[in-house]
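# Inside the fold
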Amino acid sequence: MTKPVAIPEPRRPVLARPSDTFARLTPLGWTSGLIFIVALLAASFVLAGYFVVYWLTADMDFMVVYSALLLNDGQPAFFPHPAYFTILGVKLWFQVLHHLNLLDTYSLSRMPPASDRLAFDAAMTSVIRAARVVAWMTATSFVVVFAGLARWLVRDWRVATLATFAFAFSGGVEFHMRVLRSEMIAGCLIIFALMTLIAVSRRPTIWRPLAIAVAAMLCVLGLENKIHAILLIAALPLLILPFGGPASASNGFWSNNARAWLATLTMALVAGLLLRAALPLIALGLDPTTAMPSLHPLLLGKFGVYQLGLLAWIGAGMLTFAMVRRVCLAETFAAIFAVIAGASLGLLALFIEYNPSNVVVVLNPIEEMMTFADQSAASAIDSGNPFAAIGLFLSGVASVLQRYTFVFFTSPRPTVFLTWLIVPGIVYAWRRGERQTATQSALFMLCAIAIDSLGIRRGLKVEYFIFTDPLIIIAGMLLLNRMNDLRFHKWAYPIGATLVALHIGVSQAEPIRMATARRGPEPICEWNQHYLPLLPMPWCELPAKRP
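Here's what I pulled together on the structure shown here. (Residues numbered from 1 in each chain as written. Predicted model: local features only at pLDDT ≥ 70, side-chain atom pairs only at ≥ 80, totals over all residues. Heavy atoms only, no water.)

### Regarding the pattern of salt bridges
Under the counting rule described, the total for this entry stands at 18 salt bridges. A salt bridge links D20 to R487; the nearest nitrogen and oxygen atoms lie 3.1 Å apart. You can see D20 sitting in the segment before α1 (21-25) and its partner R487 sitting in the loop between α20 (465-482) and α21 (492-507), a full 467 residues away along the chain. The exposure class assigned to D20 is buried, which follows from its relative accessible area of 16%. Judged by its relative accessible area of 15%, R487 falls in the buried class. In this structure, R181 engages E183 in a salt bridge whose closest nitrogen and oxygen atoms are separated by 2.7 Å. Taking relative accessible area as the criterion, E183 reaches 0% and is therefore assigned buried. (Salt bridge = Lys/Arg side-chain N within 4 Å of Asp/Glu carboxyl O. Helix = DSSP H or I, 4+ residues; strand = E, 2+ residues; numbered from the N terminus. Buried < 20%, exposed > 50% of the residue type's maximum accessible area, 1.4 Å probe, protein only.)

What follows is the structure in structure tokens.
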């Protein structure tokens with residue numbers, strides 16, 4: 001009897017598993033990757049920032065340091081932006097270094113006279129370098145905070161790591177990391193408020209109104225450091241609306257029961273007390289004729305018109321979100337009172353180093369901004385012709401789109417390369433059925449373009465990138481988080497690696513250009529007498545040098 005011979009089955013071909021682009025681009029993990037990013041920032045700061053000659057990036061470096069030195073002498077200081085927390089931070093840092101015997105010239109009275117050039121140069125070098133450390137610490141801290149909030153927003157830590165890298169090596173962060181400017185604190189605080197609002201819009205908790213209060217406070221604090229932040233604040237209600245879903249409805253605590261209304265009443269009481277404390281500041285802002293008579297109202301010959309419009313816009317956005325996402329009435333009112341409480345608390349920060357001019361500028365930001373606008377923008381506003389303003393805005397949009405191509409208008413802004421992928425990504429997400437994600441990213445991009453278009457009136461300088469770069473990065477992060485299966489595409493890694501290289505290379509172009517610039521300090525004399533009246537420069541004839 002013959003036994004049947006078993007015929008082996010043919011081997012099936014083993015298909016190669018596509019490589020995970022996310023894993024290849026983030027080999028260090030979350031914590032080590034964040035440490036590596038921070039270390040790269042420190043190295044960039046030391047190599048092209050800290051040791052740069054003190055007058056090479058004078059502009060706001062000098063103005064902020066001058067104000068801090070004045071405050072340490074007990075004298076009032078005012079700067080139009082107004083760079084409030086930037087100046088306070090430098091002032092406090094100088095005091096700490098002086099207490100540790102690391103900085104002798106911590107106040108203006110200790111500054112050597114300009115007639116002693118060697119002593120003056122040595123003193124200014126020490127204070128400017130000390131102040132640059134504040135800029136580096138601020139930027140690094142904000143990168144870490146952005147990383148934590150990005151991790152809160154997206155499920156995949158690798159997407160959060162890539163977004164943090166893009167933020168850390170964006171043109172705005174790289175510029176502000178080594179130069180004292182007011183935009184860094186302003187822009188980042190409002191972006192952090194936006195990310196907080198996005199997170200709590202998705203996750204209903206008992207403490208959601210408190211998170212909204214924190215976001216409102218951050219917005220006011222940001223405005224106190226740079227009045228241009230009003231544009232980003234105005235965009236928040238529109239940016240928040242597409243977020244959330246069925247899970248955004250109020251949880252059980254806020255189901256219009258007695259406990260919920262008691263919590264709402266408590267929030268109303270807190271808001272009333274804080275608003276009452278802030279009323280003197282608000283009254284000064286609505287009638288600034290005594291503190292700043294040169295300021296003229298923007299609309300209808302009265303101060304406070306567009307400010308009320310902005311408040312109404314924010315309230316309408318909150319009510320719309322509440323109706324669409326089925327937020328209970330008790331929580332809705334608690335959130336409105338939370339905004340009042342948070343904004344009032346933020347406004348009270350102006351009492352830390354009270355100056356009436358700071359209050360007026362913060363509460364009338366557009367009026368102050370118009371004093372720095374170019375002639376075409378001022379003429380369009382003064383003419384009262386809305387079509388002139390619209391035409392000016394559209395020309396700004398065209399100029400921004402030209403800059404986003406990078407080919408027709410180069411700039412030290414690596415974030416523009418992300419737009420090359422985000423725009424087709426929005427179309428792809430929409431066709432794939434991810435309508436909500438596509439809408440979210442599209443709104444972020446439209447707001448970035450709109451804000452940049454208004455910034456064109458000041459030349460859309462690199463310092464203004466910090467207001468819109470995060471919007472572009474978050475738009476990309478949202479798309480990547482929802483369509484992370486694209487990480488297995490054969491072109492994903494080459495494109496991702498190219499973007500990483502471009503971010504590092506392009507972001508360092510401006511710092512290297514600044515560090516290697518060959519120019520003298522003479523242009524400082526154009527504004528030295530106006531902004532630094534008590535700090536004459538050795539190479540300027542005015543103001544007169546004290547012996």
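### Let's talk about the packing of helix α5 (residues 117-153) against helix α6 (residues 157-168)
Between α5 and α6, the shortest axis-to-axis distance is 9 Å and the interhelical angle comes to 150°. As judged from the angle between their axes, α5 and α6 are roughly antiparallel. Our pair here, α5 against α6, has a crossing hand that is right-handed. Contacts from F142, V143, F146, A147, A150 and R151 in α5 reach W157, A160, A163, T164, F167 and A168 in α6. Split by residue class, the contact of α5 with α6 holds ten nonpolar, one polar and one charged. (Axes fitted to C-alpha atoms, helices over the stretch in contact; angles between N-to-C directions. Parallel < 35°, antiparallel > 145°, perpendicular 65-115°, else oblique. Left-handed = near helix turned anticlockwise from the far one by under 90°. Contact = heavy atoms within 4.5 Å. Nonpolar A, V, L, I, M, F, W, Y, C, P; charged D, E, K, R; others polar.)

### Here we look at the state of the cysteines
Scanning the model with the defined rule gives one disulfide in all. C525 shares a disulfide with C540; S-S distance 2.0 Å. Note on the C525 and C540 pair: the S-S dihedral is about -90°, so by sign convention the disulfide is left-handed. You can see C525 sitting in helix α23 (residues 525-531) and its partner C540 sitting in the segment after α23, a full 15 residues away along the chain. Overall, C525 belongs to the partly exposed group, its relative accessible area being 29%. Residue class for C540 comes out buried when judged on its relative accessible area of 3%. C188 takes part in no disulfide bond, and the closest cysteine sulfur to it belongs to C219, at a distance of 13 Å. A residue is classified by how much of its surface remains accessible, and C188, at 1% relative accessible area, is buried. The thiol sulfur of C447 is not disulfide-bonded, and the nearest other cysteine sulfur, from C219, lies at 13 Å. (Disulfide = S-S within 2.5 Å.)

### Focus on the nonpolar core
Inside soluble globular proteins, nonpolar side chains tend to come together where they are buried. Among the nonpolar cores identified, the biggest contains 165 residues, and F62, F94, F444 and L471 are the most heavily contacted of them. Broken down by element, the residue count for this core peaks at 16 residues, all from α5. With residues near it in sequence (within four places) discarded, L471 still touches I191, L194, L232, L239, F444, C447, A448 and I451. In this structure, F253, W254, A260 and A334 belong to the second largest nonpolar core, which totals five residues. (Core = buried A, V, L, I, M, F, W, Y, C linked by side-chain atoms within 4.5 Å.)

### Remarks on the side chain of S182
Here S182 is to be found in the loop between α7 (171-176) and α8 (183-202). Judged by its relative accessible area of 0%, S182 is buried.

### Digging into empty space enclosed by the protein
In the structure shown here, the tally under the stated rule is two cavities of 30 Å³ or more. In this structure, the largest cavity occupies an estimated 60 Å³ of space. Around the largest cavity, the lining residues are A48, G49, V52, T57, R132, R178, P511 and M514. When residues of the lining of the largest cavity are traced back to their parent elements, those giving at least two are α2 (30-50) and α22 (509-515). Of the residues in the lining of the largest cavity, the class split is four nonpolar, two polar and two charged. Of the voids in this model, the second largest cavity is the one considered here, and its volume is about 30 Å³. What lines the second largest cavity is P80, H81, I227, H228, F372 and R458. By residue class, the composition of the lining of the second largest cavity is three nonpolar, two polar and one charged. (1 Å grid on protein atoms, 1.4 Å probe; cavity = no way out; pocket = protein on both sides within 12 Å on 5 of 7 lines; lining within 4 Å. Points joined across faces, edges and corners; volume = space filled by probe spheres on them.)

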